[in-house]
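Coordinate analysis (summary)
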Amino acid sequence: MTGFVRTVTGDVDPVDLGRVNYHEHLFQVSPLLPGDDLDDEAASADEAAQLRASGFETMVDATPLGLGRRPAAIRRISASTGLRVVMTTGVHRREHYRSNHPLLQARPEELAEAFVRDLTAGAVEPDEAAPEAMTARAGVLKAGLGYWRIDAAAGRTIEAIGAAHRATGAPVMVHLEHGTAAFEALEAFDGVGVAADQVALAHMDRNPDPGLHAELAAAGAYLGYDGAARAKDWPDSVLLDCLVATAEAGGASRILLGGDVARRTRYRAYGGLPGLRYLGERFVPRLMVKAGADLTDAVLRRNPAMWLTWRR
Ligand SMILES: [Zn+2]
């Protein structure tokens, strides 16, 4: 494999990433999640250390712009815990912002400029006059879609992601609400120069349909599985069965695994359960038993390394 993966503490050879959790959040503040702010650096650092101890060497922080993302704090946490972090730039779906938020009104050219700056020069926290050394560069571009919806704001974000991707080669993630509009998202990205094999479809397992997943994998896309520990929606066994069935139908090289715990009330260091360590401690051992060592290695190491590698 050639190329590099961009982490907040520097560029890394893809083969050195180790086990990757493709989707978590160290910081996130959203009007959509009242009472669930992730905004305490010490607590988030504690949670990150628990994730590292549970067997992951790298995580993607999937919080895009305007949602309390804290580049300098992410970098400090990565340095103190030894957990590599790939930071995200981009814009989430509109429900995560107040209705007149500038990110929902900005022209694609303005968004693209902001994204490229984050990816290449680095991001600085708005409230922190960070010295150059405390900036952090993003390594992933992200858009957010609604339930079967690509609205005008999402269209502008996708156009901007296309420009930023063409300029840098950075990989792309897209939030799919309940796993919907996956082919439509791939089509929209293809239209702006982002090939399916650069795109991770986040929350694909919220629609645990192995036939659909195999078709998306055949189209080249990465499938984000990040819905474990959601017993009120489905047991983990549904995700394990779907993952193995998708792999057997040809998608083994496309599946990514993350936790997307994302809420203060689910983080142990903030007083909740089950914490970021659940995935490594409870889900991965079951994956090993059910999927075997080779598929587990693909899901945790090889696939995310391929996805996260910057390509021109
Ligand atoms: Zn998320």
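The sections below set out a description of the structure shown in this document. Fair warning: this is a prediction, and the values are worked out from it, not measured in the lab.

Focus: the packing of aromatic side chains
Under the defined criterion, the tally for this structure stands at three aromatic pairs. Note on F4 and W310: the rings are 5.1 Å apart at their centroids and 35° apart in plane angle, and the pair reads as tilted. A residue pair is termed long-range when its members are at least 10 positions apart, and F4 in the segment before β1 (5-7) and W310 in the segment after α9 (277-308) qualify at 306 residues. Ring centres of Y22 and W307 lie 6.0 Å apart, and the angle between their planes is 70°; this geometry places the pair in the edge-to-face category. Of this pair, Y22 sits in strand β3 (residues 20-24) while W307 sits in helix α9; the two residues are 285 residues apart in sequence, bridging distant segments of the chain. Side by side, Y22 and W307 carry an identical accessibility label, which is buried. The ring of W310 has R6 sitting right over it, with the charged end atom 4.6 Å from the ring centre. The residue whose ring lies beneath R70 is F27, and the NZ or CZ to ring-centre distance is 5.0 Å.

Focus: the environment of G155
Counting through the fold element by element, G155 comes out in helix α5 (residues 152-168). Separated by 146 residues in the primary sequence, G155 and T9 have C-alpha atoms spaced 31 Å apart.

So, the packing of helix α1 (residues 41-53) against helix α2 (residues 71-81)
The N-to-C vectors of α1 and α2 enclose an angle of 45°; their axes lie 10 Å apart at closest approach. Taken together, the axes of α1 and α2 are oblique relative to one another. As for the relative orientation of α1 and α2, their crossing is right-handed in sense. Between α1, through E41, S44, A45, A48, A49 and R52, and α2, the contact on the second element is made entirely by A73, R76, I77 and T81.

Details of the pattern of salt bridges
Taken as a whole, this structure holds 23 salt bridges when the rule is applied. Between R206 and D226 there is a salt bridge, and its shortest N-O distance comes to 2.6 Å. Here R206 is found in the loop between β8 (199-202) and α7 (210-218), whereas its partner D226 is found in the loop between β9 (222-225) and α8 (236-251), with 20 residues between them in sequence. When the shortest N-O distance is used, the salt bridge between D294 and R302 registers 3.4 Å.

Some thoughts on the sheet that holds strand β6 (residues 138-144)
Reading across from one edge, β3-β4-β5-β6-β7-β8-β9-β10 is the order of the eight strands in this open sheet, with parallel pairing throughout. Lying at the two open borders of the sheet, with one neighbouring strand each, are β3 and β10 (255-257). Sheet twist, expressed as the average angle between the axes of neighbouring strands with direction ignored, equals 25°. Note: β9 against β10, three bridges, orientation parallel.

Considerations on unusual backbone geometry
The amide bond that connects L273 to the next residue, P274, takes the cis arrangement and shows omega of 5°. Residue position: P274 is located in the loop between β10 and α9. The backbone of D260 shows a phi angle near 45°, a positive value even though the residue is not glycine.

Thresholds, definitions, all that
- Residues numbered from 1 in each chain as written.
- Predicted model: local features only at pLDDT ≥ 70, side-chain atom pairs only at ≥ 80, totals over all residues.
- Heavy atoms only, no water.
- Phe/Tyr/Trp six-rings, centres within 6.5 Å; stacked < 30°, edge-to-face > 60°.
- Helix = DSSP H or I, 4+ residues; strand = E, 2+ residues; numbered from the N terminus.
- Buried < 20%, exposed > 50% of the residue type's maximum accessible area, 1.4 Å probe, protein only.
- Lys NZ or Arg CZ within 6 Å of the ring centre and 35° of its normal.
- Axes fitted to C-alpha atoms, helices over the stretch in contact; angles between N-to-C directions.
- Parallel < 35°, antiparallel > 145°, perpendicular 65-115°, else oblique.
- Left-handed = near helix turned anticlockwise from the far one by under 90°.
- Contact = heavy atoms within 4.5 Å.
- Salt bridge = Lys/Arg side-chain N within 4 Å of Asp/Glu carboxyl O.
- Pairing = 2+ DSSP bridges.

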